[in-house]
Amino acid sequence: MKKTLIATLMAAMAGTAWAGDADVSALKEEGREIARQFLGTLKPELQKAMKSGGPVHAIDVCHKKAPQITAELSKKTGWELKRTSTKVRNPNNAPDEWEKRVLAQFEQQKARGADVKKLEVGEVVEENGHKVFRYAKAIPTGKVCVACHGAHVHAPVMEAIKTYYPHDQATGFKPGDIRGMFSFKKPL
Ligand code: HEC
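Residues numbered from 1 in each chain as written. Predicted model: local features only at pLDDT ≥ 70, side-chain atom pairs only at ≥ 80, totals over all residues. Heavy atoms only, no water.

An unreviewed UniProt entry lists the chain under the name Tll0287-like domain-containing protein, from Sulfurivirga caldicuralii.

Here you go:
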């Protein structure tokens, strides 16, 4: 008890947010590191596929690899990993209520001039009576992304997208827009 009190006081002095015994700033740093790893695995796969066979081929790769990489990294880290968006391509990536709220908050922060690359949230929430740490980090739209997520996706590319994702919503983005976000969860 005494230890907790001291730790709480120290955290308060250091300006870090504590929720019970969870060290929010350490968990956020963990989330940031996983986002780096996630991006560091996805992006080279995408670039390699785009280079070897163009966007139509890359869709095939994304379709197989993105969920696979997500599952593998979840297993490795012990966190539940996800990518989501206000407009999803894969319906399995649809946002839950918490994610919808964070996505809206990121859009507001961007509208007020915030740097999209730096937008993140980390907080302890209660889900079904259990404490979980939730972390989210915005994913900006880059130039390469518009080939498959932009406003003018070429017909053969769109056709390939619709084959796998008949309910695709993830087009109309331009560089600088928030394409979506990483969303991670860790049971505490
Ligand atoms: C070759 C086409 C292609 C390119 C280029 C591409 N994506 Fe995607 N993107 C996809 C496909 C296909 C999916 C669905 C993957 C799945 O089934 O999980 C997807 C899904 C996503 C998702 C998950 C949410 C959702 O809509 O389902 C995010 C976030 C995302 N892409 C961001 C990006 C960003 C950022 C870039 C640029 C760095 C990018 N994508 C470039 C094809 C592409």
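Now that the structure has been shown, the text picks up again.
Okay, the pairing of strand S6 (residues 178-187) next. Among the ten residues in S6, eight count as buried, and that is most of the element. The pairing of strand S3 (residues 80-84) with S6 spans five bridges and is antiparallel. Looking across to S6, one finds that Thr84 is bridged to Met181. Here nine bridges tie strand S5 (residues 130-140) to S6, and the two strands are oriented antiparallel to one another. Each residue of the ladder has a partner; that of Ile139, found in S6, is Gly180. (Buried < 20%, exposed > 50% of the residue type's maximum accessible area, 1.4 Å probe, protein only. Helix = DSSP H or I, 4+ residues; strand = E, 2+ residues; numbered from the N terminus. Pairing = 2+ DSSP bridges.)

What follows is about the site of the ligand. Around the ligand sit 23 residues in total, of which Asn93, Cys145, Cys148, His149 and Tyr165 are the nearest. At 2.8 Å, a side-chain N or O of Asn90 approaches an oxygen atom of the ligand. For the ligand, an oxygen atom lies 2.6 Å from a polar atom in the side chain of Tyr165. Cavity membership is defined here by more than half of the atoms lying within 2 Å of grid points; on that basis the ligand lies in the largest pocket. Elements supplying a minimum of two residues to the shell around the ligand: helix H2 (24-77), S5 and helix H4 (146-149). Taken together, the residues of the shell around the ligand sort by class into 16 nonpolar, three polar and four charged. (Near = heavy atom within 4 Å. Polar contact = N/O pair within 3.5 Å; in protein donor to acceptor, adjacent residues only side chain to side chain. 1 Å grid on protein atoms, 1.4 Å probe; cavity = no way out; pocket = protein on both sides within 12 Å on 5 of 7 lines; lining within 4 Å. Sits in = over half its atoms within 2 Å of the grid points. Nonpolar A, V, L, I, M, F, W, Y, C, P; charged D, E, K, R; others polar.)

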